[in-house]
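# Coordinate inspection notes
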Amino acid sequence: MIIKQNRGRQWLDWQRRVLTVAQVVGAGVCVWLVVALFFGEMGLPRYWAMRDHANQLDTALRDLRSDNAVLRSDIARLQDDPGKIEQLARERLGYVRKGETVYQLAPESSNGGSARERP
């Protein structure tokens with residue numbers, strides 16, 4: 001009977017050693033995972049930076065889509081609205097209707113007087 005009790009104790013000691021080693025290995029793996037989570041190449045700081053970049057890209061995309069809609073409406077007006085075409089021709093090209101009088105104001109000279117000063 002003494003032999004059976006001795007075997008039982010050896011078995012329990014062996015199980016305790018295996019459990020202790022498993023606990024140490026498990027704790028090491030947990031520490032490694034936490035370190036990788038915060039300091040790894042694809043850790044939380046990288047995730048946060050990528051999330052911020054994605055938000056910036058979403059904002060830029062929204063802005064571009066609204067600009068695109070404005071430009072599309074301008075194109076539609078230029079294709080269909082003769083008043084808009086005339087307005088642009090007058091503003092950018094200086095076109096004038098027949099019989100209209102155009103007044104152009106000369107800029108003042110840098111010395112504060114009129115363009116023509118008499119002595």
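Preceding block: the structure.
What counts and how
Residues numbered from 1 in each chain as written. Predicted model: local features only at pLDDT ≥ 70, side-chain atom pairs only at ≥ 80, totals over all residues. Heavy atoms only, no water. Helix = DSSP H or I, 4+ residues; strand = E, 2+ residues; numbered from the N terminus. Buried < 20%, exposed > 50% of the residue type's maximum accessible area, 1.4 Å probe, protein only. Areas by Shrake-Rupley, 256 points an atom, 1.4 Å probe, with all protein chains shown as cover. Salt bridge = Lys/Arg side-chain N within 4 Å of Asp/Glu carboxyl O. Lys, Arg positive; Asp, Glu negative; His and termini not counted. Contact = heavy atoms within 4.5 Å. Patch = residues over 30% accessible without salt bridge, like charges linked within 9 Å, V, L, I, M, F, W, Y side chains within 5 Å. Expected span 1.5 Å × (residues − 1). Arc of directions from axis to C-beta. Axes fitted to C-alpha atoms, helices over the stretch in contact; angles between N-to-C directions. Parallel < 35°, antiparallel > 145°, perpendicular 65-115°, else oblique. Nonpolar A, V, L, I, M, F, W, Y, C, P; charged D, E, K, R; others polar.

## Focus on the overall build of the protein chain
What the protein chain contains, in helices and strands, is 3 helices and 0 strands. Secondary structure of the protein chain in N-to-C order comes out as α-α-α. Counting all 119 residues of the protein chain, 4% fall into the buried class. On the protein chain, roughly 11600 Å² of surface is accessible, and the fraction owed to carbon and sulfur atoms is 60%.

## Here's the deal with the pattern of salt bridges
Summed over the entire model, instances satisfying the criterion amount to 4 salt bridges. In this structure, Asp74 engages Arg77 in a salt bridge whose closest nitrogen and oxygen atoms are separated by 2.5 Å. Here the residue Asp74 and the residue Arg77 both occupy positions in helix H2 (residues 44-80), the gap between them amounting to 3 residues, near one helical turn. Given a relative accessible area of 25%, Asp74 falls into the partly exposed group.

## Regarding the side chain of Lys84
Mapped onto the fold, Lys84 is located in helix H3 (residues 82-93). In this structure Lys84 is buried but unpaired, with Asp74 as the nearest side chain of opposite charge at 5.7 Å. If we skip the residues at most four places from it in the chain, Lys84 touches Arg77 and Leu78.

## Topic: a nonpolar patch on the surface
Residues Val31, Val34, Val35, Leu37, Phe38 and Phe39 make up a contiguous nonpolar surface patch of about 590 Å² in total accessible area. Assignment of secondary structure puts Leu37 in helix H1 (residues 2-39). For Leu37, a relative accessible area of 41% corresponds to the partly exposed category.

## Topic: H3
For H3, spanning 12 residues, the distance from its first C-alpha to its last is 16 Å, which sits close to the expected 16 Å at 1.5 Å a residue. Looking only at H3, the buried set comprises Lys84, Leu88 and Ala89. Seen along its axis, H3 keeps its buried residues to an arc of 135°; they face one direction. Contact partners of the buried residues in H3: H2. Note on H3: the residue one or two positions beyond its end, Gly94, has a positive phi of about 75°.

## A few points about the packing of H2 against H3
Between H2 and H3, whose axes approach to 6 Å, the crossing angle comes to 100°. The angle between H2 and H3 places the two elements in the roughly perpendicular class. Contact residues: H2 offers Arg77, Leu78 and Asp80, while H3 offers Pro82, Lys84, Ile85 and Leu88. The residue inventory of the contact of H2 with H3, partitioned by class, reads 4 nonpolar, no polar and 3 charged.

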